[in-house]
Amino acid sequence: MSATSAAPTRREQILKEAARLFAERGFHGVGVDEIGAAVGISGPGLYRHFAGKDAMLAELLVGISGRLLTGGKLRAAEARESGDAAEVLLDSLIEGHIDFALDDRPLITLHDRELDRLRDSDRKLVRQLQRQYVELWVEVVRDVYPKMLESEARATVHAVFGLLNSTPHLSRPGPLPGRSGMAKLLHRLAKGAFAAAASNGAG
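Below, the structure is looked at part by part.

What counts and how
Residues numbered from 1 in each chain as written. Predicted model: local features only at pLDDT ≥ 70, side-chain atom pairs only at ≥ 80, totals over all residues. Heavy atoms only, no water. Salt bridge = Lys/Arg side-chain N within 4 Å of Asp/Glu carboxyl O. Helix = DSSP H or I, 4+ residues; strand = E, 2+ residues; numbered from the N terminus. Buried < 20%, exposed > 50% of the residue type's maximum accessible area, 1.4 Å probe, protein only. Core = buried A, V, L, I, M, F, W, Y, C linked by side-chain atoms within 4.5 Å. Contact = heavy atoms within 4.5 Å. Axes fitted to C-alpha atoms, helices over the stretch in contact; angles between N-to-C directions. Parallel < 35°, antiparallel > 145°, perpendicular 65-115°, else oblique. Left-handed = near helix turned anticlockwise from the far one by under 90°. Nonpolar A, V, L, I, M, F, W, Y, C, P; charged D, E, K, R; others polar. Phe/Tyr/Trp six-rings, centres within 6.5 Å; stacked < 30°, edge-to-face > 60°. Expected span 1.5 Å × (residues − 1).

### Describing the pattern of salt bridges
Move 1: If you walk through the whole model with that rule in mind, you get 14 salt bridges.
Move 2: The salt bridge partner of R80 is E139, with a shortest N-O separation of 3.8 Å. With R80 in helix α3 (residues 53–82) and E139 in helix α6 (residues 120–144), this residue pair connects regions lying 59 residues apart in the sequence.
Move 3: Across the pair D99 and R179 runs a salt bridge, and its minimum N-O distance is 3.2 Å. Note that D99 is positioned in helix α4 (residues 86–103) and R179 in helix α8 (residues 179–202), a separation of 80 residues in sequence.
Move 4: Exposure remark for D99: the relative accessible area of 34% places this residue in the partly exposed category.

### Considering the nonpolar core
Move 1: Among the nonpolar cores identified, the biggest contains 62 residues, and F22, I35, M56, W137 and F194 are the most heavily contacted of them.
Move 2: Elements represented by at least two residues in this core include exactly α1 (10–25), α2 (32–39), α3, α4, α5 (105–114), α6, α7 (150–164) and α8.
Move 3: In this structure, W137 is in contact with L90, L93, I94, H97, V157, F161 and F194, ignoring residues within four places of it in sequence.

### Some remarks on the packing of α3 against α6
Move 1: In contact at an axis separation of 9 Å, α3 and α6 are set at 25 degrees when each is read in the N-to-C sense. Classed by the angle they form, the pair α3 and α6 counts as roughly parallel. For the pair α3 and α6, the sense of crossing is left-handed. Side by side, α3 and α6 meet where A58, L61, V62, S65, G66, L68, L69, G72, K73 and R80 of the first sit next to D122, L125, V126, L129, Q130, Q132, Y133, L136 and E139 of the second.
Move 2: Among the residues making up the contact of α3 with α6, the classes are represented as 10 nonpolar, five polar and four charged.

### Overview of the packing of aromatic side chains
The description of two aromatic rings rests on the distance between their centres and on the angle between their planes.
Move 1: All chains considered together, the criterion is met by five aromatic pairs.
Move 2: Between the aromatic rings of W137 and F161, the centroid separation amounts to 5.0 Å while the plane-to-plane angle is 80 degrees, which identifies the pairing as edge-to-face. With W137 in helix α6 and F161 in helix α7, this pair connects stretches of sequence that are 24 residues apart. Comparing W137 with F161 shows no difference in burial state: the two are buried.
Move 3: Pairing W137 with F194 gives two aromatic rings, centres 6.4 Å apart and planes at 35 degrees, and the pair type is tilted. Of this pair, W137 sits in helix α6 while F194 is found in helix α8, placing the two residues 57 residues apart along the sequence. With respect to class, W137 is no different from F194; both count as buried.

### Description of α3
Move 1: The first and last C-alpha atoms of α3 sit 43 Å apart over 30 residues, in line with the 44 Å expected at 1.5 Å per residue.
Move 2: Downstream of α3 by one or two residues, G83 has phi in the positive range, about 70 degrees.

### Describing α1
Move 1: For α1, spanning 16 residues, the distance from its first C-alpha to its last is 22 Å, which sits close to the expected 22 Å at 1.5 Å a residue.
Move 2: All buried positions along α1 are accounted for by I14, L15, E17, A18, A19, L21, F22 and A23.
Move 3: Tucked inside the fold, the buried residues of α1 contact α2, α3 and α5.
Move 4: Count one or two residues on from α1 and you reach G26, which has phi positive near 85 degrees.

### A short note on the packing of α4 against α5
Move 1: Packing of α4 against α5 brings their axes to within 5 Å, and their N-to-C directions diverge by 85 degrees. For the element pair α4 / α5, the angle class is roughly perpendicular. Residue-level inspection shows F100, A101, L102 and D103 of α4 in contact with α5, the latter providing R105, L107 and I108.
Move 2: The residue makeup of the contact of α4 with α5, split by class, is five nonpolar, no polar and two charged.

In structure tokens form, the structure reads like this:
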């Protein structure tokens, strides 16, 4: 929430460009030299930062799963310290995930296409972090909607993630809202999905 942010490190610049290029052309469609050129260094120079493309992919996918979980835990801790209602925390979680969905679209594409390329230990770590993130949401959703079954809450959380993570598939031919408008629309859709699931369960 700070007004200023530190300039990205060279390592972060490499990861950002690698994510963009991998998402655009696929993991095997991008060479180390192309990634290096995108950040203004020689391809071999990348090996001072990463062992290779596999290491970049692992850091990208493990990294974003970790950041989402850490961000969710931080929002939960801040809400509890402030005595915020569960509805406020749910709004905060949705906002945080929308920021990811709008600002890190290449990582969504990368996860969908390339997760199976990770070595087993990295892939298991991604799945573990994701399960913890889901369960954090499930707990909050059930605080907001106490009558919702745990299985329904979990299914709805997964469905909402699918909705929010659809941003890479938004087509360009027709006019779309700007970032602020899109964020508000996604927020309404997510809240509506939870309310609809709760309403159905109450019936």
